[in-house]
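Spelled out, the chains give:
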Amino acid sequence: CGVAENAAPAFVKAVREASKDLKDSNFNVMLSAYSCLSSLVLAVGGAKGEGGGDGPPSPAPAYLLGLCARAGVEKAADKKLGKEALGLLGLALRAARPGQRPAVVEAVASALKK
């Protein structure tokens, strides 16, 4: 994962800034932001074992999974973005390793309280 893992924080920052912290009202901006986050989760945490083998995927960073989970919950009821938001939430939940799951669930709970 090397390059993607090292670039992840800067990439997430750019996505958040471009989408007004994932609260932009423009459908295309948000759709692109969700697509970027999904791709990053898969690039950083979705690679199979070392060298593309059959090993388990590398874990995506907890902060990234939490961000995806919160964004997914916050827009799940949106008429236009609901499907994409739920896809992002599902990806975060599936990508979380056992040790990361409490942080992802906390992010979901936090988003539900708003």
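Residues numbered from 1 in each chain as written. Predicted model: local features only at pLDDT ≥ 70, side-chain atom pairs only at ≥ 80, totals over all residues. Heavy atoms only, no water.

**A word on the pattern of salt bridges**
Line of reasoning, step 1. Counted according to the given criterion, the structure contains 3 salt bridges.
Line of reasoning, step 2. D21 is paired through a salt bridge with R16; the nearest N and O atoms lie 2.6 Å apart.
Line of reasoning, step 3. Using a relative accessible area of 37% as the deciding quantity, one classes D21 as partly exposed. (Salt bridge = Lys/Arg side-chain N within 4 Å of Asp/Glu carboxyl O. Buried < 20%, exposed > 50% of the residue type's maximum accessible area, 1.4 Å probe, protein only.)

**Focus: unusual backbone geometry**
Line of reasoning, step 1. A positive phi angle, near 55°, is found at K20, a position not held by glycine.
Line of reasoning, step 2. Structurally, K20 can be placed in the loop between α1 (2-18) and α2 (27-45).
Line of reasoning, step 3. Taking relative accessible area as the criterion, K20 reaches 58% and is therefore assigned exposed. (Helix = DSSP H or I, 4+ residues; strand = E, 2+ residues; numbered from the N terminus.)

**Quick look at the side chain of S19**
Line of reasoning, step 1. The residue S19 is located in the loop between α1 and α2 in this model.
Line of reasoning, step 2. What makes S19 buried here is its relative accessible area of 1%.

**So, the nonpolar core**
Line of reasoning, step 1. One finds L22, L37, V41, L64, L65, C68 and A69 to be the most contacted residues of the largest nonpolar core, which totals 31 residues.
Line of reasoning, step 2. Counting only elements with at least two residues in this core, the list comes to α1, α2, α3 (62-74), α4 (82-95) and α5 (101-113).
Line of reasoning, step 3. Ignoring anything within four residues of it in the chain, the contact list for L37 reads V12, V15, L22, L64, L67, C68 and L88. (Core = buried A, V, L, I, M, F, W, Y, C linked by side-chain atoms within 4.5 Å. Contact = heavy atoms within 4.5 Å.)

**Here we look at the packing of α3 against α5**
Line of reasoning, step 1. α5 packs onto α3 with a crossing angle of 30° between their chain directions and a minimal axis gap of 8 Å. Our classification of the angle between α3 and α5 gives roughly parallel. Two packed elements cross with a definite hand, and for α3 against α5 that hand is right-handed. Residues L65, G66, A69, R70, V73 and E74 of α3 lie in contact with α5, whose contacting residues are V104, A107, V108, A111 and L112.
Line of reasoning, step 2. Residue composition of the contact of α3 with α5, by class: 8 nonpolar, 1 polar and 2 charged. (Axes fitted to C-alpha atoms, helices over the stretch in contact; angles between N-to-C directions. Parallel < 35°, antiparallel > 145°, perpendicular 65-115°, else oblique. Left-handed = near helix turned anticlockwise from the far one by under 90°. Nonpolar A, V, L, I, M, F, W, Y, C, P; charged D, E, K, R; others polar.)

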